[in-house]
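# Descriptive analysis of the structure
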Amino acid sequence: MSEFTEFHDELRTVARELLGKCGAAGRIDWPVLVRAGWPGLEVAEEYGGAGAGLAEVGILLEEVGRAVARTAYPSMTAAGIGALALLEPNAHRDAVLRETVAGIAIPIAVLEGNMVPAAGGETACAGTGGIVPTFRIIQTIEGFEISGNADFVPDAAAATTLLIPARAPDGAVWVAVVAPGAPGVRIEDRPVVDETRSLGRVTAQRVGLAPEAVRPFRAGIGCGPRALYDRAALAVACDSLGVGAAMLDATVEYVRVREQFGRPVGSFQAVKHACADMLVDLTVARRLVSDALAVPMDGTAPARRAVSAAKACAGAAGVRIAGKAVQLHGGIGYTWESGIHRYLKRATLDRALFGTPADHRREFADRYRGEWPVPARPVGA
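Residues numbered from 1 in each chain as written. Predicted model: local features only at pLDDT ≥ 70, side-chain atom pairs only at ≥ 80, totals over all residues. Heavy atoms only, no water.

## Here's the deal with the side chain of Thr77
For Thr77, the position within the fold is in helix α4 (residues 73–86). Exposure remark for Thr77: the relative accessible area of 1% places this residue in the buried category. Not counting the four nearest positions on each side in its chain, Thr77 is found in contact with Glu42, Val57, Leu61, Gly82 and Arg231. (Helix = DSSP H or I, 4+ residues; strand = E, 2+ residues; numbered from the N terminus. Buried < 20%, exposed > 50% of the residue type's maximum accessible area, 1.4 Å probe, protein only. Contact = heavy atoms within 4.5 Å.)

In structure tokens, the structure reads:
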């Protein structure tokens, strides 16, 4: 266990150093991440990857949030590689995996950032975990056609390969592997409050697909569509955790050196309490995110519970911590030059992507509704 923890610490240190070189603009070139081996970290060794787990990927995702870096890596690794790993293998899917590890391909799963699971989960939409695809696949003489649209898809513009979950003719959910430049495919930018993020609207109008480009989820997966959603939501929770950690560190350092009335402002009781509250928020969120990263993302009830708890807590904590950081930095915290606004905007978008804290708390509570009998009312009450 100590060796495993040491490896995680080393991975975190290397990632922080690498992302620290991206500068104030927060942009980092994709080849840099490829040379560092990030795209293949979770990919199985048979496809050229490192064969690591989601816990290791989570460390990188947190560091991306800490650096408020502009990169498609979170979307690619969480939902893109996640989708490929959940599909039934064939030569086409395997080729995309190998190209991803080599840095040639950037697979992006077409999931709506404002998506919220339908109430009732499996009961509401059998086999999808409440995730209702907005695309439809029909069978043709040559193969298949896909049509539909999805809005606020993270990093859609960066994709070299689109992985589109769609409702198949038999009612199941398949994933279509589509080239962004294929006839009938259109990607439009969707500006958002966070300038470090790229979201887009993906539209497909009767896009032709070869039979090998349409794959079902593996039989051993509890619920493929829900597993994809959970991975995307958990990646955002990791990002929120990184934002909160960066703001706590920056704030503690600032109040130690900033003086008022001849003494550091960090010595004032109100400031101490505010920093303590930030630490408590971050500690609780970190524990829930760590627990979720340790659960197999297979769309089953344990995974959903863990992800909902992590996303609800981390999303709310990120905004609270960033908000307190602005306040505790005083007047400088409200200026553009301080850069704190980038963290607050990123935390605000993180809170909304793939379910708000209220959405996840509601879904978490719905799972237990009806498990306990309603107490009988007293006679005459």
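Text resumes after the structure shown.
## Some thoughts on the UniProt feature "domain: Acyl-CoA dehydrogenase/oxidase N-terminal" (unreviewed entry) in the chain
According to UniProt, the feature "domain: Acyl-CoA dehydrogenase/oxidase N-terminal" (unreviewed entry) maps to residues 30–86 in the numbering used here. Secondary structure across residues 30–86 comprises 58% helix and 0% strand; the distance between its end C-alpha atoms is 24 Å. (UniProt positions renumbered as here; feature names shortened; annotations may be inferred.)

## Considering helix α8 (residues 301–328)
For α8, spanning 28 residues, the distance from its first C-alpha to its last is 40 Å, which sits close to the expected 40 Å at 1.5 Å a residue. Within α8, 20 of the 28 residues are buried, which leaves the element mostly enclosed by the surrounding structure. Backbone geometry just downstream of α8 places Gly330 in the positive-phi region, at approximately 70°. (Expected span 1.5 Å × (residues − 1).)

## Quick look at the state of the cysteines
Counted by the stated rule, this structure contains zero disulfides. Counting only cysteine sulfurs, Cys313 is the nearest neighbor of Cys275, a cysteine outside any disulfide, at a range of 18 Å. Of all cysteine sulfurs, the one in Cys238 lies closest to Cys313, which takes part in no disulfide; the gap is 13 Å. (Disulfide = S-S within 2.5 Å.)

## Concerning the environment of Leu162
Among the structural elements, Leu162 can be located in strand β4 (residues 161–167). For the pair Leu162 and Ile138, spaced 24 residues apart in sequence, the C-alpha to C-alpha distance is 18 Å. Contact partners of Leu162, with chain neighbours within four places excluded, come to Ile108, Val110, Ala156, Ala176, Val177, Val178, Pro180, Val185, Ile187 and Val202.

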